[in-house]
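Structural description and commentary
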Amino acid sequence: MLNDEQRRAWQPVASSTDLVARHVFAGAIWGQELALWRADDGHVNAWENRCLHRGVRLTIGVNLGSELMCQYHGWRYANRTAGCTYIPAHPADAPARTICNRVYPAVERHGLVWAALEGTVEGAALPELPMDGLVLRPVPVDVPPAEVEAALAAEFGRDRVRWLVQPVDAGRSIIRGVLAEQPAEPLPVLRRWSARLGRLRDRLEALPRPPVAPIPPELHRVDPALAGLPEPGPAGTSLRLRVARKWPVAEDVTAFRLAPLAGELPAFQPGAHIDVALPNGLTRQYSLTNGPDDTAAWVIGVKREPAGLGGSTCLHDAVREGDVLAVSPPRNNFPLRRDGLLTLFIAGGIGLTPLLAMARTLHLARLPYHFHAFARSVAHLPFVDVLDGLGDAVERHIGLDPAATTAKLEAIIGTQGEKHELYVCGPTPFLDAARAIAAAKGWPDTAVHFEYFKNERPRDASNAFEVALARSALTLDVAPGQSIVEAVAAHGIHIPTSCAQGACGTCRVGVIEGAIDHQDVHLTPSEKARGDCLMACVSRAAAGRLVLDL
Amino acid sequence: MLTLYDYELSGSCYKVRLMLGFLGLPHETRHVDFHPGREHKSDAFLAINPLGQLPVLDDDGYVLRDANAILTYLASAHDPGGRWGFGGDAARNGRIAEWLGFASDLTGTIGAARLHDAFFHDIDADAARAGGKRLLRILDEHLWFQERQGAAWLAPGDHPSIADIACFPYTALAQDADLDLADCPAIRRWHDRFKRVPGFTVMPGVFPARE
Amino acid sequence: MSSTEKVELDPAIRDAWHVCAVAADIAPGATAMHCLFGQRLEVARDAAGRPVVRGDGRVLPALERYGFIWTSPGTPPEDLFPLPGYDEPDRKNVVTGSVGIRVSAPRAVENFLDMGHFPFVHTGILGEEPHTEVKEYAVAIDPVADEVVATECQFYQPRAAVGSSGGAKTEYVYRVPHPFCAILYKTSPFDAVRMDIVALFVQPVGEEEIIGHTMMSIIDDRSTATEVRHFQLTIFGQDKPILENQRPRKLPLDPRAETPIRADKSSIMYRRWLTSKGVAYGVIPAP
Ligand SMILES: N[C@@H](CCC(=O)N[C@@H](CS)C(=O)NCC(=O)O)C(=O)O
Ligand code: FES
Ligand SMILES: [Fe+2]
């Protein structure tokens, strides 16, 4: 068992120069193995060296620049948060946000990378070190740390070199030294010290000593919710984010950059949206536009809708840079498959936002895609700078009337090639048209992925019916005008919701028995026909009674 | 026509496969059932190599054994640019030869311990392991100082050499001999660089780098 | 391999048959030394050619099946699990090699049941990106035979077998008839009805140290035994570094030790089955 001191003390675990680009470095503190990797944005990650899927060491994984990929099943984990962003075995699913590897605090100072097994970055103090010293070549020694420290002090004293002994395990250490001044010619000095330390190592290792048992790794249990099969976690606008920047990105569209007050944002996946609680009491959903290489702050695009209920107007007019907003953790009901041979993105106006995050993901992974952006005018096309970064894959379609739009969609969608996937987002008529064309051209609806911003279909909540909750052994009535969400809430059962109009997919509930009157725009026709789930905020029983998996 | 007498799980044969891949040379492969079949000790194979060892290369009837010899031969016969072999200056050539010798020592230590642990060869594995560990420390120190001087490879020069090819397999397979490379960070970085050289191929036990 | 300490065996493991040698390696009159559960074994044949196994200062039960010699430290059942199809006259039965691996026996079995790693570990042979999806399949405990059975498994494979000529969707059935043995049946490139058999028999040398023995029984009159072995050892050699980098090396049976997904249904079932049998060797029991 490790004591508090061993857990909380900062230990040097690498030289800064050890963490080269696209490499995973193997480190350890007191028998606890670390996978250390530098992302392309410079951030140093120190994670438990164990993929929490099936335990494979992450040091044999691949540093993809903004994600770390495990070698066994290709799971991807995000820079900074270590949240799982993609599970190749289930390309159509969004991994539960709570699948997160263990992250250790790490900082980079004085040419060394420091980590601790517990505590926060602000916690324990780092040892005082010469500011611009020369970091010597580290020398591993199979000898207990205390013995190495004693030998260093006896052998070399402390005047010229500041010695640090990294406790790799009970019986293993790494000697790290920092020379107070940079010599004019460092190379011969480095060679001399490397040779001296090598001799010291050989001498110490040759001394007789009883074998030292290694410290066993501490195995932390995963969240109980993950022990079964993963389900999305509960929501709620629990995050507090600061508006770091607010700027116009198109005619009537304003972008907001939302940064954490402290620490890191939770992991997110392309296609995810957040609920934003507004100062005027309303809650609105916005898609994240960030790619996996851009995880420090979220960027959303908000279109001013004068006819709306005042959500967008409030953000445009009342919210300023520096304001703090209450925001939900990201929720992904619009997951991106990464196993298509070609992915087509078709965006109408502000519908571009989730597709932008997706295209940025495929772009970084060098997977093939085409991006079609439709807009009323050049001035109405949002996030042009981001689109420019995607290069040749983007085609802009500006100022087309409805007939020309339809013709263009016909041409773009065509017949489906092998393993082609289609993602569409935009205003309702645009989305309806694209889906109709894809269906007419024979695309199976499993390959046509879409997200409506709102449900503009006529809805009818006039009937009364009964629902039986299979897992809660409870039967209750849903009155005319009342939704299933509201009816079960009255009995203390909470179904997470977000848009409350059958567009976003958050309130999906399994149906075990009964005929459903689907009133949402989230499910595909074949999902609706299967009849095994419904959107509880709008859908109802077609007749009689429903048995829900609740 | 080039024909390689090959065993997929042999690190020594892998050296030749790497070279063939880097040079993009078409060739035929004769699988020799080294384990479990011990076909390399059969009369038919002893007629090809009386030492009873793999790999052996046959280039239109010119039959050559020993990985270092084959690498040297391929570099002079089939690498028109002279980038891999002894085409450079004397200082580079000397270093290449030095590390080729080192590669044979790796085969005799890490390679031997691996044959014991994975394929049950009857040798003193602990002595072989200890020898392998000593070699890894020497190699790591060399590579650390190479990096420090902006040099990516074992021998001086911008291009990797047959010395890198010869030393790669048994260091990359060190875990098969129960040797952990966590204490050899410069070797691990050199592996990543080597895996990104165009034409690199993997063998069972070696994972590719991406990009 | 390093020596392993002797531990008390749980009854499920103690009274089972365990593979301890390749039958063809034990010539009549010869004696070979082997290791099981950290104990030295002497494997030989008597004048009639029957296997004789000695260990722990006594003669242990012995059996020859499927190309291997089996023994038991306890009181084993009369016979080993059946392997339907193995005796069909037109099959090629090949012992494809044995490899020492530093991992526990159940981790090796679990890897054998896993399809999700094909594109990443057996790239270009048993899988290939972007074909990464593991489709829904069925898994159950067969109550009569007391074994884990996974059916309706399918996966896209660029080169499913040694005789394959191109990519194909391959169907699989998996069986775990023994805590340390697993068998798979997969689409044969040469027979529309019958399936090829690949078996993994794990010899637990220690709790974290095994010899993985593989055997194939295939319908293929074209490939040579060398080619079949080469194919199978390539696959096994690719799994080895994964297995040796799994931590902990023992299989954790606590459902909260690791994070399964739907593709891991057979592994979840296998872990529960081990728990229900009280298997303690090579595992970290559930709390
Ligand atoms: N010096 C030879 C040694 C290669 C070697 O050890 N080959 C192994 C296979 S990995 C072998 O054939 N061993 C059989 C033996 O040495 O008897 C070379 O570098 O090619
Ligand atoms: S063990 Fe890491 S992805 Fe499965
Ligand atoms: Fe495998």
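Residues numbered from 1 in each chain as written. Chains lettered and ligands numbered in written order. Predicted model: local features only at pLDDT ≥ 70, side-chain atom pairs only at ≥ 80, totals over all residues. Heavy atoms only, no water.

**Re the pattern of salt bridges**
If charged atoms from side chains of opposite charge come close, those side chains can pair. Under the convention used in this document: Salt bridge, as used here, is a side-chain nitrogen of Lys or Arg placed within 4 Å of a carboxyl oxygen of Asp or Glu. Secondary structure elements follow DSSP: runs of H or I no shorter than four residues count as helices, runs of E no shorter than two count as strands, and numbering proceeds from the N terminus. Burial classes: relative accessible area under 20% of the type maximum marks a residue as buried, over 50% as exposed, and values in between as partly exposed (1.4 Å probe, protein chains only).
For the structure on display, the rule yields 71 salt bridges over all chains. Its salt-bridge partner being R172(A), residue D183(B) comes within 3.4 Å of it at the nearest N-O pair. On the criterion of chain membership, the pair formed by D183(B) in the loop between α6 (162-172) and α7 (185-195) and R172(A) in strand β14 (residues 172-179) is interchain, its members lying in two chains. The exposure class assigned to R172(A) is partly exposed, which follows from its relative accessible area of 28%. Here the residues in one salt-bridge network are D142(A), R172(A), E205(A), K133(B), R137(B) and D183(B), joined through shared partners.

**Some words on the coordination of the iron ion (ligand 3)**
Residue and element names in this part refer to chain C. Spelled out, the test is: Here the coordinating atoms are restricted to nitrogen, oxygen and sulfur within 2.8 Å of the metal centre, or 3.2 Å for Na, K and Ca, and because water is not among them the sites may look incomplete. Only two sets of limits are used to name each site, 85 to 135 degrees for every angle of a tetrahedral four-donor site, and over 155 degrees for opposite donors with all other angles from 65 to 115 for a square planar four-donor or octahedral six-donor site, with any other site named irregular.
Looking at the iron ion (ligand 3), one finds its protein donor set to be H117 (NE2), H122 (NE2), D239 (OD) and D239 (OD), positioned 2.0 to 2.5 Å from the metal centre. Classification of the site at the iron ion (ligand 3) rests on its four donor atoms, whose angles at the metal span 57 to 156°, yielding the label irregular. Coordination of the iron ion (ligand 3) draws on donor residues from a single chain, spaced H-x4-H-x116-D in sequence. Residue H117 is found in the loop between α2 (105-112) and α3 (118-121), and its partner D239 is found in helix α4 (residues 225-244); the two are separated by 122 residues along the sequence.

**Things to note about the interface of chain C and chain A**
Applied cut-off: Two residues form a contact once any of their heavy atoms are found within 4.5 Å. Summed over both partners, the accessible area lost on bringing two parts together, with a 1.4 Å probe, is the buried area. Identification of polar contacts relies on pairs of N or O atoms within 3.5 Å, with a donor-acceptor requirement for protein atoms, meaning one able to donate a hydrogen and the other able to accept it, and with residues adjacent in sequence counted only if both atoms are side-chain atoms.
Contacts between the two partners involve 36 residues from chain C, matched on the other side by 38 residues from chain A. Buried area between chain C and chain A, both sides added, is near 3,300 Å², and the carbon and sulfur share of it is 54%. Considering only the surface of chain C that becomes buried against chain A, R256(C), T259(C) and I261(C) emerge as the three largest contributors, covering 23% of it. Residue D93(A) is joined to R262(C) by a salt bridge in which the shortest nitrogen-to-oxygen separation is 2.9 Å. At the junction of chain C with chain A, the criterion picks out 19 residue pairs in polar contact (both at pLDDT 80 or more).

**Observations regarding the pairing of strand β4 (residues 51-55) of chain C**
Residue and element names in this part refer to chain C. Applied cut-off: At least two DSSP bridges between two strands are needed for those strands to be called paired.
Most of β4 sits out of view: four of its five residues are buried. Bridge analysis of strand β3 (residues 39-45) against β4 gives five bridges, and the strand direction is antiparallel. Counterpart to A44 in the pairing with β4 is V52. Remark: two residues form the turn of the hairpin made by β4 and strand β5 (residues 58-60), two consecutive strands paired antiparallel; D56 in that turn has positive phi of roughly 60°.

**Structural notes on the interface of chain B and chain A**
What counts, and what does not: Any residue that is not Ala, Val, Leu, Ile, Met, Phe, Trp, Tyr, Cys, Pro, Asp, Glu, Lys or Arg is counted as polar, Gly included; the first ten are nonpolar and the last four charged.
Chain B puts 20 residues into the contact, and the matching count from chain A is 32 residues. Between chain B and chain A, a total of about 2,400 Å² is buried, with carbon and sulfur atoms accounting for 46% of that surface. Across the chain B-chain A interface, the total number found is six salt bridges. Note that K133(B) is salt-bridged to D142(A), the shortest N-O span being 2.4 Å. The tally of links between chain B and chain A comes to 10 residue pairs in polar contact (both at pLDDT 80 or more). For the side of chain B that touches chain A, the secondary structure elements donating two or more residues are α5 (125-148) and α7 of chain B. Looking at the side of chain B that touches chain A residue by residue, the class counts come to five nonpolar, two polar and 13 charged.

**Side note on the domain arrangement of chain C**
All names here are of chain C. Rule in force here: Marked domain ranges trace back to an automatic or database domain assignment.
Per the domain assignment, the segments of chain C are domain 1 (11-71) and domain 2 (92-284). Using only C-alpha atoms to locate each centre, domain 1 and domain 2 end up separated by 25 Å. Facing 18 residues of domain 1, the contacting portion of domain 2 comprises 17 residues. Interface area, domain 1 with domain 2, both sides summed: about 1,300 Å², of which 74% is carbon and sulfur. At the boundary of domain 1 with domain 2, the tally comes to zero salt bridges. Remark: the boundary between domain 1 and domain 2 carries five residue pairs in polar contact (both at pLDDT 80 or more). Every element with two or more residues in the side of domain 1 that touches domain 2 is listed here: α1 (11-14), β1 (18-22), β2 (31-36) and β7 (68-71). Sort the elements by how many residues they give to the side of domain 1 that touches domain 2 and β1 lands first, with five residues.

**A look at the sheet that holds β2(C)**
Residue and element names in this part refer to chain C. We apply this condition: Axis definition: a line fitted to C-alpha atoms, limited for helices to the stretch in contact. Angles are taken between N-to-C directions and run from 0 to 180 degrees.
Reading across from one edge, β2-β3-β4-β5 is the order of the four strands in this open sheet, with antiparallel pairing throughout. Only two strands of the sheet have a single neighbouring strand rather than two, namely β2 and β5. Shown here is a sheet whose adjacent strand axes are inclined to one another by a mean of 35°, direction ignored.

**A few points about the sheet that holds strand β29 (residues 533-535) of chain A**
Residue and element names in this part refer to chain A. One open sheet holds the five strands; their spatial order is β27-β26-β30-β28-β29, and the pairing between them is mixed. What marks the edges here is a single partner per strand, and that holds for β27 (474-478) and β29. Sheet twist, expressed as the average angle between the axes of neighbouring strands with direction ignored, equals 40°.

**As for empty space enclosed by the protein**
Residue and element names in this part refer to chain C. Our working definition: Of the grid points, spaced at 1 Å and generated over the protein atoms alone, those admitting a 1.4 Å probe that cannot get out make up cavities, while open sets with protein on both sides within 12 Å along at least five of seven lines make up pockets; any residue with an atom within 4 Å of a point is treated as lining. Grid points are joined across faces, edges and corners, and a volume is the space filled by probe spheres set on the points.
Scanning the model with the defined rule gives 10 cavities of 30 Å³ or more in all. In this structure, the largest cavity spans a volume of roughly 270 Å³. Residue lining of the largest cavity: 22 residues in total, with L126, L184, V198, Q232 and I235 positioned closest to the centre. Elements that contribute at least two residues to the lining of the largest cavity include exactly α2, β11 (168-178), β12 (181-188), β13 (191-206), β14 (209-218) and α4.

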